[in-house]
Amino acid sequence: MQHDFTEGEFYQANFEAAAYLTTYYSSETGNAFEGSQLSFTLSTLCQAFASGHITGKLLIDIGSGPTLHNALIASEYFQEIIMSDYVECNRKEIEKWLRRESGAHDWSHVSKFICDIEGKRSTIEEREEKTRSVIKQVLKCDVTQINPFHPIVLEPADCLLTSLCLESACKDQEAYQNALGNIATLLKPGGTLIIIGMLKETFYTLGKYKYSCLYIDQNFVKSALQKQGFVIQKFEAKPGPDKATNIMSDFEEIFVLVAQKTG
Ligand SMILES: C[S@@+](CC[C@H](N)C(=O)[O-])C[C@H]1O[C@@H](n2cnc3c(N)ncnc32)[C@H](O)[C@@H]1O
């Protein structure tokens, strides 16, 4: 059953940044009811970056929520990162961590997981410090807008990364296709788009609310990207847990996709 669409205004009024982090990012494996989906995405992303092809000046993380796990990986490969989200409390939560304020989420277990995968090139402290120095801005974005950063016009990015955002922000397949087109305008020709997403999911839970997710399958995602002029270079998926035991969400698979913008 598709849940009623969770509008941006509902996110702005009700989303609890700290609770989201405690619920889904307290361990490097993610929420226990969802299987080890977080360690899958972290290790798949580490491998993708380690290939050496995804590097450059600017990476934009679209719909970061209050999270830093993807920036903790990407900071090794980009000179500048822009974090972004629709919701103010999410942006503030990121800024809290950047300023080392008390009560900021502890990402050290994720940093350790990443450093271990990379063969301990850097210590946890070095990696977190590097990430803090590479993140230059935390901006409001809305993927439903033609320029998601309106009225700011950003320089074209070498890489866009978006994790679990499009299926939350888009109410139907047409909106997903349009949002892909909107974010694609932020990317240089030849640049890399990385999407982490859920397949066949209709909701996830946070506190007393269920947030809607757009039900999409692999064929839809691939064809939406092709229509937008992307060439898919990597698509890795991992099955979710048995739905009967997952009280937090109902995804069937989680995927990490890497694509290149042509033209
Ligand atoms: C499931 S969370 C994902 C957060 C984070 N990227 C992660 O991987 O855990 C969905 C995020 O999408 C954001 N969002 C919802 N509507 C949006 C919109 N129209 N534009 C940009 N972000 C939006 C929410 O504020 C929320 O942070």
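Since the structure is predicted, the reported quantities are computational estimates derived from the model, not experimental observations.

K.L.:
Any chance you could explain the sheet that holds strand 5 (residues 187-199) here in plain terms?
P.N.:
Backbone hydrogen bonds are what pair the strands of a sheet, in a parallel or an antiparallel way. Strand order across the open sheet formed by seven strands is 3-2-1-4-5-9-8, with mixed pairing between neighbours. Edge strands, defined here as strands with exactly one partner in the open sheet, are strand 3 (135-140) and strand 8 (230-239). The average undirected angle you get between the axes of adjacent strands in this sheet is 15°. Taken together, the five bridges between strand 2 (residues 78-85) and strand 3 define a ladder with parallel strand orientation.

K.L.:
Looking at this structure, how should I read the environment of Phe49?
P.N.:
Counting through the fold element by element, Phe49 comes out in helix 3 (residues 37-50). Residue Phe49 is classed as buried on the basis of its 22 C-beta neighbours within 10 Å. Considered as a pair, Phe49 and Tyr77 are 28 residues apart in the sequence and their alpha carbons are 7.5 Å apart. Apart from residues lying up to four places away in sequence, Phe49 is in contact with Ile54, Ile73, Ala74 and Tyr77.

K.L.:
What exactly am I supposed to notice about the UniProt feature "binding site: S-adenosyl-L-methionine" (unreviewed entry) in the chain here?
P.N.:
Listed under "binding site: S-adenosyl-L-methionine" (unreviewed entry) in the UniProt record, and renumbered for this structure, are Tyr20, Tyr25, Gly63, Ser64, Asp85, Asn90, Asp142 and Val143. Look at the named residues: they lie 124 residues apart in sequence, and the longest C-alpha span between them is 23.6 Å, so in the fold they stay spread out. Under the C-beta neighbour-count criterion, Tyr20 is labelled buried, with 22 such atoms within 10 Å. In contact with Tyr20, other than residues within four places in its own chain, are Phe15, Gly65, Pro66 and Leu206. A residue is classified by how many C-beta atoms lie within 10 Å of it, and Asn90, with 26 of them, is buried.

Cut-offs used in this document
- Residues numbered from 1 in each chain as written.
- Predicted model: local features only at pLDDT ≥ 70, side-chain atom pairs only at ≥ 80, totals over all residues.
- Pairing = 2+ DSSP bridges.
- Helix = DSSP H or I, 4+ residues; strand = E, 2+ residues; numbered from the N terminus.
- Axes fitted to C-alpha atoms, helices over the stretch in contact; angles between N-to-C directions.
- Buried ≥ 20, exposed ≤ 12 C-beta atoms within 10 Å, placed from the backbone.
- Contact = placed C-beta atoms within 7 Å.
- UniProt positions renumbered as here; feature names shortened; annotations may be inferred.

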